Amino acid sequence: MTGVVVTDIQRADAAVAAALAEFGSATVHEAMGRIGYAGPRLRPIQQGARIAGTAITVSVAPGDNLMVHAAIEQAREGDVIVVVPISDSAFGFIGDLMATQMKARGVRGYVTTGGVRDTQELREMGFPVWTRHISAQGTVKDTAGSVNVPVILDDVEVRPGDIVVADDDGVTIVPRRRAEEALSASRARAAKETANRARYLSGEISMDLNGLRPVLDDLGVRYVTQEDHDGGR
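This is a predicted model, so every value here is computed, not measured. (Residues numbered from 1 in each chain as written. Predicted model: local features only at pLDDT ≥ 70, side-chain atom pairs only at ≥ 80, totals over all residues. Heavy atoms only, no water.)

Draft legend 1. Region of interest: the overall build of the protein chain. A count of helical and extended segments in the protein chain gives nine helices and 11 strands. When each of the 233 residues of the protein chain is scored for burial, the buried share is 48%. Within the protein chain, counting contacts between residues at least 6 apart in sequence, those at least 24 apart form 75% of the total. When the accessible surface of the protein chain is totalled, it reaches about 12,000 Å², and 50% of it is carbon and sulfur. A gap of 2 Å separates the mean positions of the 25 positive and 31 negative side-chain charges of the protein chain. (Helix = DSSP H or I, 4+ residues; strand = E, 2+ residues; numbered from the N terminus. Buried < 20%, exposed > 50% of the residue type's maximum accessible area, 1.4 Å probe, protein only. Contact = heavy atoms within 4.5 Å. Areas by Shrake-Rupley, 256 points an atom, 1.4 Å probe, with all protein chains shown as cover. Lys, Arg positive; Asp, Glu negative; His and termini not counted. Charge placed at Lys NZ, Arg CZ, Asp CG, Glu CD.)

Right under this line is the structure:
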């Protein structure tokens, strides 16, 4: 269905969403079984921001930001607005004025396969954005789209109320129904990494800690001298 604004979405638990920000996109992606990562084309316009919040999803026409305005009205504290044009669209869908509205409503960040403008101002105001394009090209406001419907964010589906985890490594989506499971798995993975880090600092190496030598043997990888490798040349 197109041309709708769904007003009564179910959001993932706010405390669970906030807690996932501690772990970041890579750890959460790995902890869930290497799923949920939106892909390498979505890049942050800033460095050092790490957020997690519940998704307000927006499907828009190319070069038209009408429905982003409608989405801001639906947003509340702890949300992340996710905007997906129906085809690749390198337009500046938002700038500092729209970001000011979002920030005032408690929106934690903005993720889009479209574009953004006013990136210096967005960084200065501390409003984090992940985008496929940076573009000064302006938009219009005359085509219907939808708010709070499922969208495809590059490589992953996002449903309204899902959790968006975003940092310098990219964006990972946690399905709402898997939120608590993802948090538990992320905590376990982080604890394991902390323990491994201590062992690496003591001098151990991953070849032994991860039991990789038998894997090399099974694949037929041999250790040889340079002379053997060169064949006596």
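Draft legend 2. Geometry of the nonpolar core. The biggest cluster of nonpolar side chains holds 26 residues, and the ones touching the most others in it are V58, V68, I81, I94, M102, Y110 and F127. Of all the elements in the fold, those that place two or more residues in this core are β2 (51-60), α3 (66-74), β3 (79-85), β4 (92-94), α4 (96-104) and β5 (109-116). A total of five residues in this core trace back to one element, the largest contributor, which is α3. One finds A49, A55, V82 and V151 within the second-largest nonpolar core, a separate group that totals 20 residues. (Core = buried A, V, L, I, M, F, W, Y, C linked by side-chain atoms within 4.5 Å.)

Draft legend 3. Up close: unusual backbone geometry. A positive phi angle, near 60°, is found at R34, a position not held by glycine. Tracing the chain through its elements places R34 in the loop between α2 (24-31) and β1 (43-44). Phi is positive for N148, which is not a glycine, with a value near 65°. According to the relative accessible area criterion, N148 is buried, its value standing at 5%.

Draft legend 4. Spatial organisation of helix α6 (residues 179-201). Spanning 23 residues, α6 covers 33 Å between terminal C-alpha atoms, matching the ideal 33 Å at 1.5 Å per step. Looking only at α6, the buried set comprises A179, A182, L183, S186 and N196. Tucked into the core, α6 has its buried residues touching α1 (14-20), α2, β10 (163-167), β11 (170-174) and α7 (206-209). Immediately beyond the C-terminal end of α6, within one or two residues, lies G203, with a positive phi of roughly 115°. (Expected span 1.5 Å × (residues − 1).)

Draft legend 5. α3, seen in detail. Taken residue by residue, α3 has M67, V68, A70, A71, I72 and Q74 as its buried positions. Where the residues of α3 are buried, they touch β2, β3, β4, α4, β5 and β7 (146-147).

Draft legend 6. Quick peek at the side chain of S135. Residue placement: S135 occurs in the loop between β6 (129-134) and β7. Overall, S135 belongs to the buried group, its relative accessible area being 13%. A distance of 3.1 Å separates a polar side-chain atom of S135 from the backbone nitrogen of Q137. The contacts of S135, once residues within four sequence positions are left out, are A90, F91, G92, V116 and R117. (Polar contact = N/O pair within 3.5 Å; in protein donor to acceptor, adjacent residues only side chain to side chain.)

Draft legend 7. Region of interest: the environment of Q120. Within the secondary structure layout, Q120 lies in helix α5 (residues 119-124). Here Q120 falls in the partly exposed class, since its relative accessible area comes to 47%. Taking the C-alpha atoms as reference points, Q120 and Q46, separated by 74 residues in sequence, lie 9.1 Å from one another.

Take it as geometry only, folks, not as evidence of what the structure does.
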